[in-house]
Each structure stands twice: as structure tokens, then as C-alpha cells.
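# Secondary and tertiary structure notes
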Amino acid sequence: MAMAADVPRGVALAGDRSHQANRLTSALLVVLFAAVLASLAIGASGTSLWTTLWDFLRGEDLSLRDRVVLWDIRLPRTLMGALVGAALAVSGAIMQGLFRNPLADPGLIGVSAGAGFGAIVAIVLGGLLPLALQDVLGYYLVPFAAFLGSWASTIILYRVSTRKGHTSVATMLLAGIALGALTGAISGLLVYIADDAQLRTLTFWGMGSIAGATWSKLFTAAPLMIVAFIAAPFVAKGLNGLALGEAAASHMGIAVQRTKNTAILAVAAAVGSAVAVSGGIGFVGIVVPHLLRLAVGPDHRYLLRNSALLGAALLLVADIISRVVIAPAELPIGIIMAVIGGPFFLWILLRRRGILDM
Amino acid sequence: MLRAENITVHFGPRTVLHDVSFDAKPGALTAIVGPNGSGKTTLLKAITGEASHDGQVMLNGQNAGSAKPWELAAIRGVLPQTTPLAFPFTVSEVVRLGLISGVTADQAEIIPAALSRVGLADYGARFYQELSGGEQQRVQLARVLAQVWEPISEVGPRWLFLDEPVSALDIAHQLQVMQIARDFADAGGGVVAVMHDLNLTAMFADQIALISDGRIIAQSTPDEILTNDLLSRAYNCAVQVNTPPSSGTYILPHMASMGVH
């Protein structure tokens, strides 16, 4: 890596990449800040808002139109994009550490499908809940159900694919396909029995986009995501230990079961809330951690926070592309990410063909 | 003091260890030897808590079965036969994993020291997955050594549990690794090693537990264990101790010593 030469010799330990990882964090903060500004400034409203944004940042009064565009449309959308991107990338990195495999992505192995299933159940059958409970849950019903769905599917996947602390990749991917098929079938059934109003909600929800972001949507999704972000640093050391297998991790002093439980909960919270508000955007969780491991190594203490920053920036860039490429219309962001992520995934497979035999 | 009492291990319907009792002292290298499938590794895994078992394991007067992982990690390191590694860590990063918890946490200077102890001083920046099997095994030993760097802690002796530590190594590195274990014991730590090679065992062990068919036949000094009678019984073939074969080539590790002459 180009950055390796910058590390002062004699100070750093050979093979220790923590300095580069820390530098990368600073660089990614700058990148993310730039992406946030670009996401606020660029859009389909006809004019570029760079000057308006500058005025806004300086605290000057804006025209009503500009204020609506910036404050009510672009700002929640930008924050949502950053949060969803960070949540998907962090959950990918945590899952890969938990399953000890770089291909474990929530979108690929059925965790997003599980979250979507939970969301659909909540939309179609939520009305059957006692009114008092509906009042308590309110807006949080869909994200919470998505969280439960992704939690259950992560636990099932881990149980099926892990024997004696060793995860079989083939079993994991196949179990993910089976789980996705099953939840897809039941979801289809639910769509079939849904009434017209529910169908409308389902359609909007399923578009897989952050275009419809509003402040209220943001506030329903944010708490669960923040839970995941708070939990992530606590599993970093444990995931490092788990890279050597569960027994070795335990011998190194890791509370393995607690690490696994926390990791699964964090993944479920992040994926559940991201899917609940964005309908599930693929490949962020596999592209981002993989690139970061190539650049500065697999140490989860740095990988998780760098994943959050790069994931947020990547999703914002993808969202900007989705806004401008066929402006004034918009492409769903899921398409942009699939165009980036599909070939990337194939590239990983080509580079490491032996990976499925692990 | 390590004391394992009445250890019984079942794998499904099969009983792999029958009511085995075993002990080891700090300051000594205790070897567990026996034929393939006799339960050597299983006994070590029961002692380290990896294999679920009946019976009790006491380590430094503490019940190992109920101690927290980080309490145990502070006083003992465990080297498995093989260690899979999921992600592309460098050698230094693997050794650093040994510092995750325990008293040596964040003493980064131990990393190069541990690597040079196993003869891999210049390997820090190499990728673990690109090393040979024997080199990987020595990196893992460096990781375990880093975890229990000082053989004696404030609360008592530290322990090394080694599962066939030399099986993947050439003769020079077999001697080197056994010498590391020997030095750890001489400095006051306890070493328990599952051994396949009876010659190396004879050279380095203070105590030998001979295990056959899931039972310990005898535990004592090398002189008393390495006899024609006991070994023949345990290995189920006529074993001759101290009698070089009358014809053919043989290698005697006793005649080798570290370094090039």
C-alpha cells in the first residue's frame, strides 16, 4: 500500500498496520464530510445548491424554496443515507468476523430477507395487534419487526452453519438461500392477502431507496442503528480473537458466547433498521469491509469504525449518482449498488477461488 | 499445581477417557504420551476446558471449570495442534492477539521478543497465510508465549499447554521448541505437552503420563515410564528401549544440538 512508506521507521513494529488504519480513519472522515456536502448540494431540483449551501452554513436567511429543499428533503435524506450506509457496512464487517468469512454479507445470506420478512409481517398483520400495543410501538413497529426478523435469521444461520466453532461457508450460503426462499414465499403470501392501503405501504417500502427519507422516518430508524454503533466497539477485540477459532479465542481470554450474542444483536439491529427504512440495499456490507481489509488489515478495532465511515460515504455517493444519472428522474439506489457490487463480488471469488472450500 | 481428577469424556456413545486422574507441577515439563487415538489430545482438551467432561480440574488451587476465560488466560496459554486463521493478518498481528487480555496486554515490545524467541525475528511483516505449516506453528507458539510471557506471575506460576508442539517441525526446530518449553519450566512455569516423539520426550520431560485406550497406565519419571514393558503394553507392539537397531539408518536427536557447526 502506498501509505506504508509514510510510517516512521524504528517507531513502528514491522507488520503492525494500526498507524495506517488510524490515518485512514482521518482520511475517511474528510471523505465523508465531502460526501455529505455534495449530497446536500447536488440534486434534481434544477439548480445546483452549492452557493445556497454555503449561505446556509454561514447562517444566512434562505428563500423558502431553498430551505424546504435543503432542510426537509436533502438533509434527512443525507443523514439517512449516511446512517444506512454505515449500518450496512458495519453489520457486514461484524458478520464476517462472526462467521470468520469474508463472504458473509447480510444481503447475500438471507439476513436482509429475514428483516424484510419482519417488516412485511408488521405492515400486513400489524393491525391485528391490540390497539394499546400499536399505540406504544407506533412508528417503531416496522423497524422493530425487521430487527426481530434479522435477529432470528442470523441465529438460525449461525446454528446451521457452525459446528464446534467452525463455520462452513458452503452451508452458510446454501442455508441463506433456503432461508431467503422461505421468507420470500411467506412474504408473497402476505402480500397476496394485504388490502389496498397496505399494498401501497408495501410498494413504497419495497422500492429499496432512501429517496423517501423524512425526519420522522429518520427518527424511527436511528435508535436501533445507534444501538448497533455503540455495541460494535465492544465486539472488536472478541472478533479478532474469533479469527483463530472459538477455542483459541476463549483461551486468549475472550468471553466467546457474550461476544457472539452481542455481535448477532448488533447485526440484527443494524440490518433490521436499515432494511426497515431503505428496503435493503445490497453489497455495501461486502464491498466496504473487503476494501478496508486489503488496505489496512483485518483488525476489527479499526475495521469496524472505518467501515462505518466508508459505508456512509459510499452510500451517499451512490445516492448522488442515482439522482443525477437520469435527472430529473431517479434510479433506485439498489441498482447503483448492484452495478458496483456484483462485479466486485465476482472479483473476490476469482481472486480467492479456494474460499468456498474453507 | 495442576490437578485433574476423575476426568471422563464421552464422544457420543463412545467413552474416550475413563475416569482419568492426572497432575503436573510447576517447574516441570510433563509429557502426555500414548498411541494414536489413545486420548492424549482429548485429555489436554478436557484440562483446558475445550472438551466437556465429568470430573474436576484445579489449576493453581482454582477450579478451572468455573473460572472466567480472562482469569484463565492470565495464567495459562494453550497451543492447539493446528490453528485456522480467517483473515489476512500479518505475523505481528497474530502474535498481538496473544496480548488481547491478561497481564501482558498492550506491551507491544513483547511481540518482537516472542518472534525472535521462536526464530522468526524478521517475519513480523509477512502474511501469516503465506508461511509454511511449520512456520505458522511457530508463530502460534510466539502468540501463546506472548500471552504468558513471564513464567511466574504475582499470583503463582503460569502454564503452557502444548498439543503436539513439534509435530510439524524439522529436527532443528523441534529442538528449539522443546528447549523453549524446557526453559519455561526451568524458570518456574508449568508445561504440559502432548508428545508423539518418544525420543524428544525422553530428552526433555521431567514427568511422563503414559496413556492407552483412554486410561493412564502410569505417570512417573522418564526412567520409570520408558521401559520395554510399559511401552509395549501401551503401544501394543514390542518396543525396545535404548537399543539401536542392528542395521539401517537412524537419526538420533540426542546427538544433535542447536546451531550450525
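Reference entry: report on the structure contained in this document. (Residues numbered from 1 in each chain as written. Chains lettered and ligands numbered in written order. Predicted model: local features only at pLDDT ≥ 70, side-chain atom pairs only at ≥ 80, totals over all residues. Heavy atoms only, no water.)

Moving on, we come to the interface of chain B and chain A. Chain B puts 30 residues into the contact, and the matching count from chain A is 30 residues. When chain B packs against chain A, close to 2,500 Å² is buried across both sides, 64% of that on carbon and sulfur atoms. Three residues, B:Phe87, B:Arg96 and B:Ile100, lead the burial of chain B against chain A; their summed loss comes to 26% of the area buried on that side. The interface formed by chain B and chain A holds 2 salt bridges in total. For A:Arg17, the salt bridge is made with B:Glu93, and the minimal N-O distance between the two is 2.6 Å. (Contact = heavy atoms within 4.5 Å. Buried area = accessible area lost by both parts, 1.4 Å probe. Salt bridge = Lys/Arg side-chain N within 4 Å of Asp/Glu carboxyl O.)

To continue, consider the packing of helix 2 (residues 50-57) of chain A against helix 3 (residues 64-99) of chain A. Residues and elements named next belong to chain A. Interhelical geometry of helix 2 versus helix 3 gives an angle of 80° and a closest axis separation of 11 Å. By the angle between their directions, the pair helix 2 and helix 3 is classed as roughly perpendicular. Residue-level inspection shows Thr-52, Leu-53 and Phe-56 of helix 2 in contact with helix 3, the latter providing Asp-66, Leu-70 and Trp-71. Broken down by class, the residue content of the contact of helix 2 with helix 3 amounts to 4 nonpolar, 1 polar and 1 charged. (Axes fitted to C-alpha atoms, helices over the stretch in contact; angles between N-to-C directions. Helix = DSSP H or I, 4+ residues; strand = E, 2+ residues; numbered from the N terminus. Parallel < 35°, antiparallel > 145°, perpendicular 65-115°, else oblique. Nonpolar A, V, L, I, M, F, W, Y, C, P; charged D, E, K, R; others polar.)

Right, let's talk about the side chain of A:Arg77 for a bit. Residue and element names in this part refer to chain A. The residue Arg-77 is located in helix 3 in this model. Judged by its relative accessible area of 6%, Arg-77 falls in the buried class. Other than its neighbours up to four places away in sequence, Arg-77 contacts Ile-210, Ala-211, Ala-213, Asp-319, Ser-322, Arg-323 and Glu-330. (Buried < 20%, exposed > 50% of the residue type's maximum accessible area, 1.4 Å probe, protein only.)

Given two aromatic rings, their pairing is described by the distance between the two centres and the angle made by the two planes. Residue and element names in this part refer to chain A. This model, assessed by the stated rule, comprises 6 aromatic pairs over all chains. Consider the rings of Phe-99 and Tyr-158, whose centres lie 5.4 Å apart with planes at 70°: the pair is edge-to-face. Within this pair, whereas Phe-99 is found in helix 3, its partner Tyr-158 is found in helix 6 (residues 141-161), the two being separated by 59 residues in sequence. Assigned by exposure class, Phe-99 and Tyr-158 land together as buried. Ring centres of Phe-144 and Phe-147 lie 6.0 Å apart, and the angle between their planes is 40°; on these two criteria the pair is classed as tilted. (Phe/Tyr/Trp six-rings, centres within 6.5 Å; stacked < 30°, edge-to-face > 60°.)

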